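Fold and geometry: a report
Take a look at the letters that make up each chain.
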Amino acid sequence: LETMLREQGWAPSTVVANDTYAVLRAGLDDVPAAGASKHWGIGVTCGTGINCIGKTPDGRTAGFLALGMISGDWGGGGGLGLEAQWHAVRAADGRGPETALRQAVPAYFGLREPLELAEAIHLGQIPLDRLAGLVPVIFEVADSGDEVAHDLILRLAREIFLLVKSAITRLSLESAPVPVVLGGGVVAAGNPMLLGAVTGLITAEFPAADLRVLLQAPVAGASLLGLDLAASDVA
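Predicted, not measured: the structure shown is a model, and the values here were computed from it.

**Some remarks on the pattern of salt bridges**
One pass over the structure, following the stated rule, counts 8 salt bridges. The partner of Arg25 in a salt bridge is Asp228, with the nearest N and O atoms 2.6 Å apart. Taken together, the positions of Arg25 in helix H2 (residues 19-26) and Asp228 in helix H10 (residues 219-229) put the pair 203 residues apart, joining distant regions of the chain. The exposure class of Arg25 is buried, given its relative accessible area of 4%. Classification of Asp228 as buried rests on a relative accessible area of 18%. As a salt-bridge pair, Asp210 and Arg212 come within 2.9 Å of each other at their nearest N and O atoms. On the basis of relative accessible area, Asp210 is assigned to the partly exposed category, the value being 30%.

What follows is the structure, encoded as structure tokens:
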């Protein structure tokens, strides 16, 4: 990407970075440009996928490969959607507990049964990545008291917490007032169950942490990073 962008000649300099940096920076937009060097903390993006970056005031970083299950990752809309379909099928054939996801998951795609959805995905009629769109459905089912969906939300909350904990510990920031910015579409949806669980886990382990939930699009952070590099201010 950096090579391609440089070849366009749009700007005298080009910097390509993971979107977790944009999430972190967007959550620190109350820091003036003069304090750009102070832009540090933990940034978690939880949208279609999930990832995290940690950065200290002196520039040290701790991150994750974030290639999915093969690199130890679970979560985001993709992970939640796939898990919801897994539970829906197992509820339908008796291998798993009953859950309202059995009806709600295929209904989102205009189908009646989870196996219909499985077959449609297998045959390429419905792209696998569309499962990420199930997040609002899962939230709704969980909020209605469904135990299976509820456990999925709590599992995601714990995954977010473990990313934060790992980054903070690896950077020795346990007792620091470290900003922790949570962003991405799944977080920005503002589900009280998810945010309550994540907040409880992080503040219990790291009471000095400055927890922030980013409701704006993370791409705003890319603009702020560009202004930082240009030594300009937001105005």
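**Here's the deal with the nonpolar core**
Of all hydrophobic cores here, the largest spans 54 residues; its most connected members are Ile42, Leu101, Ile138, Leu156, Ile160, Val180 and Leu194. Tallying contributions element by element places helix H7 (residues 147-170) first for this core, with 12 residues. Beyond its immediate sequence surroundings of up to four residues, Val180 is in contact with Ile42, Val164, Ile168, Ile202, Ala209, Asp210, Leu211 and Arg212. With 6 residues, the next largest nonpolar core counts Leu24, Ala26, Val181 and Leu214 among its residues.

**Overview of the layout of surface pockets**
The calculated volume of the largest pocket comes to roughly 580 Å³. Along the walls of the largest pocket sit 23 residues, with Val15, Ala222, Leu225, Gly226 and Leu229 positioned nearest its centre. Per-element accounting of the lining of the largest pocket gives the leading share, 6 residues, to H10. Here the second largest pocket defines a volume of roughly 400 Å³. If you go around the second largest pocket, you meet 18 residues; those closest to its centre are Thr48, Gly68, Gly75, Gly78 and Gly79. Split by residue class, the lining of the second largest pocket holds 9 nonpolar, 6 polar and 3 charged.

**Describing the sheet that holds strand S4 (residues 179-183)**
Strand order in the open sheet formed by 5 strands is S3-S2-S1-S4-S5, and the pairing between neighbours is mixed. Looking along the sheet, the strands with just one partner apiece sit at the ends: strand S3 (61-63) and strand S5 (210-213). The average undirected angle you get between the axes of adjacent strands in this sheet is 15°. Where S4 meets S5, 4 bridges bridge the pair, whose relative direction is parallel. Bridged to Val180 within S5 is Leu211. Contacts between H2 and the sheet are confined to strand S1 (41-46), strand S2 (50-55), S3 and S4, with S1 contributing the most and set at about 115° to the helix.

**Quick look at the packing of helix H3 (residues 76-93) against H7**
Viewed as axis vectors pointing N to C, H3 and H7 meet at an angle of 150°, and their least axial separation amounts to 11 Å. When the axes of H3 and H7 are compared, the pair comes out roughly antiparallel. In the packing of H3 onto H7, the handedness of the crossing is right-handed. Between H3 and H7, the residues in contact are Gly76, Leu80, Glu83, Ala84 and His87 and Val148, Leu152, Arg155 and Leu156, respectively. The residue makeup of the contact of H3 with H7, split by class, is 5 nonpolar, 2 polar and 2 charged.

Calculation rules
- Residues numbered from 1 in each chain as written.
- Predicted model: local features only at pLDDT ≥ 70, side-chain atom pairs only at ≥ 80, totals over all residues.
- Heavy atoms only, no water.
- Salt bridge = Lys/Arg side-chain N within 4 Å of Asp/Glu carboxyl O.
- Helix = DSSP H or I, 4+ residues; strand = E, 2+ residues; numbered from the N terminus.
- Buried < 20%, exposed > 50% of the residue type's maximum accessible area, 1.4 Å probe, protein only.
- Core = buried A, V, L, I, M, F, W, Y, C linked by side-chain atoms within 4.5 Å.
- Contact = heavy atoms within 4.5 Å.
- 1 Å grid on protein atoms, 1.4 Å probe; cavity = no way out; pocket = protein on both sides within 12 Å on 5 of 7 lines; lining within 4 Å.
- Points joined across faces, edges and corners; volume = space filled by probe spheres on them.
- Nonpolar A, V, L, I, M, F, W, Y, C, P; charged D, E, K, R; others polar.
- Pairing = 2+ DSSP bridges.
- Axes fitted to C-alpha atoms, helices over the stretch in contact; angles between N-to-C directions.
- Parallel < 35°, antiparallel > 145°, perpendicular 65-115°, else oblique.
- Left-handed = near helix turned anticlockwise from the far one by under 90°.

Read these as geometric descriptors, not functional statements.
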